[in-house]
Amino acid sequence: MTAIKQKTTAFLSRYFSCETVSYDKILALFLPLLAENAFATGFSLINSSMISSAGMSALSAVNLVDTYTTVIALFFQGIATGAGIVVAQYRGARNTQMQQRAANLSIVAVTAFALFLAVVSICFRNGVINLFFGGADEEVLEIARYYMLFSCISLPLYGFITAELGVLRGIGEGKIALVITMINSVVYVLGNVLFIVVLGLEIKGLLISITITRVVTSVACFVVKRKMHSTFAYRLKELFVMDFKLLKRIILFGFPVAFENLLFNGGRLVLQMILVPLGTNSIATYNIAYNIMAFSQIPNTAMSTTMFTVAGMCMGAGRPEDCKYIYRNVYKFNEVVYTVITVIILALHTPITAAFHAEPDMYMDIFWCVLITMAAQIFFHTPSFMTANVMRAAGDVVFTTIISTASMWIFRVLGSYIFCFVFGWGIIGAYVAMSMDWMARAIIFPIRFRRGKWEKMKVI
């Protein structure tokens, strides 16, 4: 056992350590993120399964509105990403005072954006539902209007939680972020079991569960940080001390990412509009396959987020060569993991699909959607997303925003319309278009990375 441990340590030290960061620090970032993503995505799958028990109309309505709320949530998450870039680079430069100040400002900015977007969404919810999903069945629309109103009421709390978790990851306190995420996930699933399954409240029960979860998690952010002795501790009044120069820097890097998130996920929203005429079962097929795909990406998403922090630290320390060395080895690791997960998911496809209460005639379409994305992500997902994350952490946010947005709208949105309706491929065409989107990024981003312009960017 000792010999195996020594060989493992030597292997990790050789391929995942550099002057800026050692393999144990990378694992300290990666493992909590892995567990966090597993909890969040796994519980999301369980949640979708419970909602689907109320029927395909309920599942379709929730997924349609969740697509919209994800769009606006990812907008304020983009601001949190900008703060993460600044925080990670101050951490690499070992400037604790500025790191703390940037962290505080991110809480204020993200929560304020979330509050603003929640108010706008509530005021214009009927127009939004009719504009984007007007072609859906009336039963689906009625559920969607009700769900959207009450899910947006607690959206500012979600913004606050998002900012807190982003800061904790950025300063390397992934274990604390994991505990908070676990509390969030467990409360959410238990709430859904109680209000949806036991009490049979269906959509009303889901909304009660969402609200309780966000309130409990917001409180947990304060309690868990104090109990686990987080270095990110502040008094409430400290959040109202403004450093406009630093806030401008956060927004400078955060707004392009937020804008990318808005346009990228706005593309997903438009894509849902395009798919609505295919019918309720097709919308459900799309979202079931998407949930399965998200589950398969858990380890790679965790590693991509880890590389965001690692790259920021390397660039903050002025060592881009460290960033490139770790990136190359993590890239290889991701490809191996994707291959293994693909084999497992395809082997267990039938029981996984059955957990979503899918209609029998949906099984084959779900299988083809999953097969197409599983094959594509082995080759294209890491270079299209992790490479972009590394360049963003270095401050190269404008280029990644332009390419990601253009690729999304040209290939995934326009391509879906062409494949689904012009070619007549139905819902499967949407997943062919998604794969083409990944392929385009996987060609462009590595070229940019190799040319090295991102190495010359200045953040702090």
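Nothing here was measured: the structure is a model prediction, and the numbers come from that model.

Conventions and cut-offs
Residues numbered from 1 in each chain as written. Predicted model: local features only at pLDDT ≥ 70, side-chain atom pairs only at ≥ 80, totals over all residues. Heavy atoms only, no water. Core = buried A, V, L, I, M, F, W, Y, C linked by side-chain atoms within 4.5 Å. Buried < 20%, exposed > 50% of the residue type's maximum accessible area, 1.4 Å probe, protein only. Helix = DSSP H or I, 4+ residues; strand = E, 2+ residues; numbered from the N terminus. Contact = heavy atoms within 4.5 Å. Polar contact = N/O pair within 3.5 Å; in protein donor to acceptor, adjacent residues only side chain to side chain. Patch = residues over 30% accessible without salt bridge, like charges linked within 9 Å, V, L, I, M, F, W, Y side chains within 5 Å. Areas by Shrake-Rupley, 256 points an atom, 1.4 Å probe, with all protein chains shown as cover. Salt bridge = Lys/Arg side-chain N within 4 Å of Asp/Glu carboxyl O. Axes fitted to C-alpha atoms, helices over the stretch in contact; angles between N-to-C directions. Parallel < 35°, antiparallel > 145°, perpendicular 65-115°, else oblique. Left-handed = near helix turned anticlockwise from the far one by under 90°. Nonpolar A, V, L, I, M, F, W, Y, C, P; charged D, E, K, R; others polar. Expected span 1.5 Å × (residues − 1). Bend = angle between axes of the 7 residues up to and from the residue. Phe/Tyr/Trp six-rings, centres within 6.5 Å; stacked < 30°, edge-to-face > 60°. pLDDT = per-residue confidence, 0-100.

Structural notes on the nonpolar core
- Grouped together as the largest cluster of nonpolar side chains are 55 residues, with contacts concentrated most on Phe76, Tyr147, Met148, Ile180, Phe232, Leu246 and Ile250.
- Within the residue set of this core, elements represented by two or more residues are helix H3 (56-92), helix H4 (96-123), helix H5 (125-133), helix H6 (138-153), helix H7 (155-170), helix H8 (174-198), helix H9 (202-227) and helix H10 (244-275).
- Ranked by residues supplied to this core, first place goes to H3 with 12 residues.
- Setting aside anything within four residues of it in sequence, one finds Leu246 in contact with Val86, Tyr90, Met98, Arg101, Ala102 and Leu105.
- By size, the runner-up hydrophobic cluster in this structure holds 33 residues, among which are Leu33, Phe253, Met391 and Phe449.

Things to note about the environment of Ala406
- Along the chain, the position of Ala406 falls in helix H16 (residues 397-422).
- Owing to a relative accessible area of 32%, Ala406 belongs among the partly exposed residues under this scheme.

Observations concerning the side chain of Arg412
- Within the secondary structure layout, Arg412 lies in helix H16.
- Reaching out from Arg412, the side chain makes a polar contact with the side chain of Asp437 at a distance of 2.9 Å.

What about the environment of Val397?
- Mapped onto the fold, Val397 is located in helix H16.
- By relative accessible area, Val397 is classed as buried at 3%.
- Spatially, the C-alpha atoms of Val397 and Pro256 are 6.3 Å apart, while their sequence positions differ by 141 residues.

Looking at a nonpolar patch on the surface
- Among the surface-exposed residues, Val193, Leu194, Val197, Val198, Leu199, Leu201, Ile208, Ile212 and Val216 lie close enough to one another that they form a single nonpolar patch of about 680 Å² accessible area.
- Among the secondary structure elements, those contributing two or more residues to the nonpolar patch are H8 and H9.
- It is H8 that contributes the most residues to the nonpolar patch, four residues altogether.
- Take Ile212: it is sitting in helix H9.

So, the packing of H16 against helix H17 (residues 428-451)
- The N-to-C vectors of H16 and H17 enclose an angle of 155 degrees; their axes lie 8 Å apart at closest approach. Here H16 is positioned roughly antiparallel relative to H17, judged by the angle of their axes. With respect to the hand of their crossing, H16 and H17 are arranged in right-handed fashion.
- Across the contact of H16 with H17, the residue classes break down as 15 nonpolar, six polar and four charged.

Some points on the pattern of salt bridges
- Across all of its chains, the model carries seven salt bridges by this definition.
- A salt bridge links Arg319 to Asp322; the shortest N-O distance between them is 2.7 Å.
- Ionic pairing is found between Arg448 and Asp396, a salt bridge with its closest N-O pair at 3.0 Å. Note that Arg448 is positioned in helix H17 and Asp396 in the loop between helix H15 (363-393) and H16, a separation of 52 residues in sequence. For the pair shown, Arg448 and Asp396 are each scored as buried.
- Overlapping salt bridges, with partners in common, bring together Arg319, Glu321 and Asp322 in one network.

What about the environment of Ala355?
- Within the secondary structure, Ala355 sits in the loop between helix H14 (349-354) and H15.
- Judged by its relative accessible area of 36%, Ala355 is partly exposed.
- Separated by 67 residues in sequence, Ala355 and Ile288 have C-alpha atoms that sit 9.9 Å apart.

Some points on H16
- Helix length check: H16 (26 residues) gives 35 Å between terminal C-alpha atoms against 38 Å at 1.5 Å per residue, within 8%.
- Of all bends in H16, the biggest is about 35 degrees, found at Gly415.
- In the stretch just after H16, Gly424 is the one whose phi turns positive, near 75 degrees.

Observations regarding the packing of H7 against H9
- Where H7 contacts H9, the axes come no closer than 9 Å and their chain directions differ by 30 degrees. Between H7 and H9, the interaxial angle falls into the category roughly parallel. Regarding H7 and H9, the two cross each other, and that crossing is left-handed. Each of Leu155, Leu157, Tyr158, Phe160, Ile161, Glu164 and Leu168 in H7 lies in contact with H9, whose residues at this interface are Arg214, Val215, Thr217, Ser218, Cys221, Phe222 and Lys225.
- Each residue belonging to the contact of H7 with H9 can be placed in one class, and the counts come to nine nonpolar, two polar and three charged.

Quick word on H8
- Spanning 25 residues, H8 covers 34 Å between terminal C-alpha atoms, matching the ideal 36 Å at 1.5 Å per step.
- Gly200 sits one or two residues past H8 and shows a positive phi near 65 degrees.

A closer look at the packing of aromatic side chains
- Considering all chains together, one arrives at 16 aromatic pairs under this definition.
- Measuring from centroid to centroid gives 4.3 Å for Tyr327 and Phe449, while their planes differ by 35 degrees, and the two rings are tilted. A residue pair is termed long-range when its members are at least 10 positions apart, and Tyr327 in helix H13 (residues 320-347) and Phe449 in helix H17 qualify at 122 residues.
- Taking the relative accessible area as the measure of exposure, Tyr327 reaches 6% and is therefore buried.
- Using a relative accessible area of 8% as the deciding quantity, one classes Phe449 as buried.
- Both rings, one in Phe367 and one in Trp368, keep their centres 5.9 Å apart while their planes meet at 75 degrees; by these two values the pair is edge-to-face.
- Taking the relative accessible area as the measure of exposure, Phe367 reaches 26% and is therefore partly exposed.
- On the accessibility criterion, Trp368 (39% relative accessible area) is partly exposed.
- A network of ring pairs unites the aromatic residues Tyr327, Tyr331, Phe449 and Trp454 as a single cluster.

Notes on the confidence of the model for the protein chain
- Confidence along the protein chain averages 82 in pLDDT terms, with 87% of residues attaining 70 or more.
- Within the protein chain, H17 carries the highest mean pLDDT (94), whereas H3 carries the lowest (70).

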